[in-house]
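Each chain, written out:
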Amino acid sequence: MARRRKGRPINGIVLLDKPIGISSNDALQKVKRIFYAAKAGHTGALDPLATGMLPICLGEATKFSQFLLDADKTYEVTAKLGIRTTTSDADGEVVERHPVISSQAQIREACLSFLGKSKQVPSMFSALKYQGKPLYFYARQGIEVPREARDITIFSLEITRIDHDEVDMKVHCSKGTYIRSLVDDIGQVLGCGAYVSRLHRSAVSDYPEGKVIGIEALQSMRDEIHQGETDESPVDLMDDSLFAKLDSLLLPMDSTVKSLNSVCLDASSCQYFRNGNPVSCNDSLSIACNTQVRVYSQANNRFLGVGFIDENNQVAPKRTVVYAD
């Protein structure tokens, strides 16, 4: 029973296709239970009304989730014009109604005016923390707190449909961009208000959309594992063959940091690095100081974690992987 409570020491990333109507944390907990994972974390929350790609890190992969939090993302969104809500989405209370009198050309101009770098004030209904609590905690009590405008970049914005009061867009943006705030800002520019009626995240970093999988499909695989299980013969969590189908869906831990340069260490250096010590490496000599790098074992190309080049051109550990074996 102790093994069941602890969970499996499984490492990797699941690209979950989050369904509408549940929170990212609910989705995370479902995936964690399905994999019997000892540890899990997601990489940037999606609203309950949003769907799409939600990378979930299992085991040691949670140490590198920040790299996906910082990654570019792509969204497909429908903006409903003529109405402004408290939350800038369909869950909020209507606070303004205005006729939509803008032409398609004016709508396009307003949307495309947000391309490039700009400052954005986060929504009060975001998960951004203020004095240790998310902003939506205060918003639900009717408390307005100060928020600093943040630097964001809209790399591309493609308008795929305009139908009177509805606008479909595909938005590729930097970390920290709130699509609800973007749509609300577009509505303000047009003078009629706008809110998000549909939001789907189609990409995180360069992860392939074709690799996403839904909770129902994962649950079905879990149910297969439990066929024939009895109280006298429970599932053996240490039998990797039982979980082979599920585990084949996992992307490797280092997929979170593929944008970094890589270095390889010899056997003795690997042990020093894993024990928290900086080590010398020929690969590091051509890399600038303070640059983060992916670190591998020269012998078997095993991912050891993320390090950085220190002032002595050595590879110093930043986040290291602890393997069960």
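Check the entry above for the structure.
Quick notes on the rules
- Residues numbered from 1 in each chain as written.
- Predicted model: local features only at pLDDT ≥ 70, side-chain atom pairs only at ≥ 80, totals over all residues.
- Heavy atoms only, no water.
- Helix = DSSP H or I, 4+ residues; strand = E, 2+ residues; numbered from the N terminus.
- Buried < 20%, exposed > 50% of the residue type's maximum accessible area, 1.4 Å probe, protein only.
- Contact = heavy atoms within 4.5 Å.
- Areas by Shrake-Rupley, 256 points an atom, 1.4 Å probe, with all protein chains shown as cover.
- Lys, Arg positive; Asp, Glu negative; His and termini not counted.
- Charge placed at Lys NZ, Arg CZ, Asp CG, Glu CD.
- Salt bridge = Lys/Arg side-chain N within 4 Å of Asp/Glu carboxyl O.
- Arc of directions from axis to C-beta.
- 1 Å grid on protein atoms, 1.4 Å probe; cavity = no way out; pocket = protein on both sides within 12 Å on 5 of 7 lines; lining within 4 Å.
- Points joined across faces, edges and corners; volume = space filled by probe spheres on them.
- Nonpolar A, V, L, I, M, F, W, Y, C, P; charged D, E, K, R; others polar.
- Axes fitted to C-alpha atoms, helices over the stretch in contact; angles between N-to-C directions.
- Parallel < 35°, antiparallel > 145°, perpendicular 65-115°, else oblique.
- Left-handed = near helix turned anticlockwise from the far one by under 90°.
- Phe/Tyr/Trp six-rings, centres within 6.5 Å; stacked < 30°, edge-to-face > 60°.
- Lys NZ or Arg CZ within 6 Å of the ring centre and 35° of its normal.

Further remarks concern the overall build of the chain. Regarding its fold elements, the chain presents nine helices and 16 strands. Along the first, second and third principal axes, the C-alpha set of the chain runs to 70 × 60 × 40 Å. Residues counted as buried form 46% of the 325 residues belonging to the chain. For the chain, contacts bridging at least 24 residues in sequence account for 66% of all contacts bridging at least 6. A total accessible area of about 16,600 Å² is found for the chain, and carbon and sulfur atoms account for 47% of it. In the chain, the 38 positive side-chain charges and the 40 negative ones have mean positions that sit 4 Å from each other.

This part is about the pattern of salt bridges. Taken as a whole, this structure holds 17 salt bridges when the rule is applied. Ionic pairing is found between Lys63 and Glu60, a salt bridge with its closest N-O pair at 2.7 Å. The partner of Arg161 in a salt bridge is Glu166, and the shortest N-O contact between them spans 2.8 Å. A residue is classified by how much of its surface remains accessible, and Arg161, at 28% relative accessible area, is partly exposed. According to the relative accessible area criterion, Glu166 is partly exposed, its value standing at 22%. If you follow the salt bridges from partner to partner, you end up with Lys80, Arg161, Asp163, Asp165, Glu166 and Asp168 in one network.

Before going further, it helps to spend a moment on helix α9 (residues 267-274). Residues Ser269, Cys270 and Phe273 constitute the buried set of α9. Viewed end-on, α9 has its buried residues packed into an arc of 105°, placing them on one side of the element. Exposed residues pointing more than 90 degrees away from the buried face of α9 are listed as Ala267 and Tyr272. Each element contacted by the buried residues of α9 is listed here: β13 (261-265), β14 (292-297), β15 (303-309) and β16 (315-320). Just downstream of α9, Gly276 is the residue with a positive phi angle, here 95°.

So, on to empty space enclosed by the protein. Taken as a whole and judged by the stated rule, the model has one cavity of 30 Å³ or more. What lines the largest cavity is Asp47, Leu49, Ala50, Asp89, Ala90, Arg180, Val196, Ser197, Arg198 and Leu199. Broken down by element, the lining of the largest cavity gets its largest block of residues, four residues, from strand β12 (residues 194-204). Split by residue class, the lining of the largest cavity holds five nonpolar, one polar and four charged.

Moving on: the environment of Gly82. Structurally, the position occupied by Gly82 is in the loop between β4 (73-81) and β5 (83-85). Distance in space between the C-alpha atoms of Gly82 and Ser248 is 47 Å, their sequence separation being 166 residues. The residues contacting Gly82, other than those within four sequence positions of it, are Glu96, Arg97, His98, Val100, Cys192 and Gly193.

Turning our attention to the packing of helix α2 (residues 24-35) against helix α7 (residues 215-225). Packing of α2 against α7 leaves a shortest axis separation of 9 Å and a crossing angle of 20°. Judged by the inter-axis angle, α2 sits roughly parallel to α7. Helix-helix and strand crossings are classified by hand; for α2 and α7 the assignment is left-handed. Contacts between α2 and α7 involve Ala27, Lys30, Val31, Arg33, Ile34 and Phe35 from the former and Ile215, Leu218, Gln219 and Arg222 from the latter.

Our focus in this paragraph is the packing of aromatic side chains. Geometrically, a pair of aromatic rings is defined through the distance of the ring centres and the angle of the planes. Scanning all chains against the criterion turns up three aromatic pairs. Measuring from ring centre to ring centre gives 5.3 Å for Phe64 and Phe303, while their planes differ by 55°; the resulting arrangement is tilted. On the criterion of sequence distance, the pair formed by Phe64 in the loop between β3 (50-58) and α3 (65-69) and Phe303 in strand β15 is long-range, its members being 239 residues apart. Both rings, one in Tyr296 and one in Phe303, keep their centres 5.6 Å apart while their planes meet at 50°; by these two values the pair is tilted. A residue is classified by how much of its surface remains accessible, and Tyr296, at 5% relative accessible area, is buried. For Phe303, a relative accessible area of 5% puts it in the buried group. Here a set of aromatic residues connected by ring pairs shows up, and it is made of Phe64, Tyr296 and Phe303. Over the face of the ring belonging to Phe243 we find Arg8, whose NZ or CZ atom lies 3.9 Å from the ring centre. Geometry around Tyr323 places Arg302 over its ring, the cationic atom sitting 3.6 Å from the centre.

None of this, on its own, says anything about what the molecule does.
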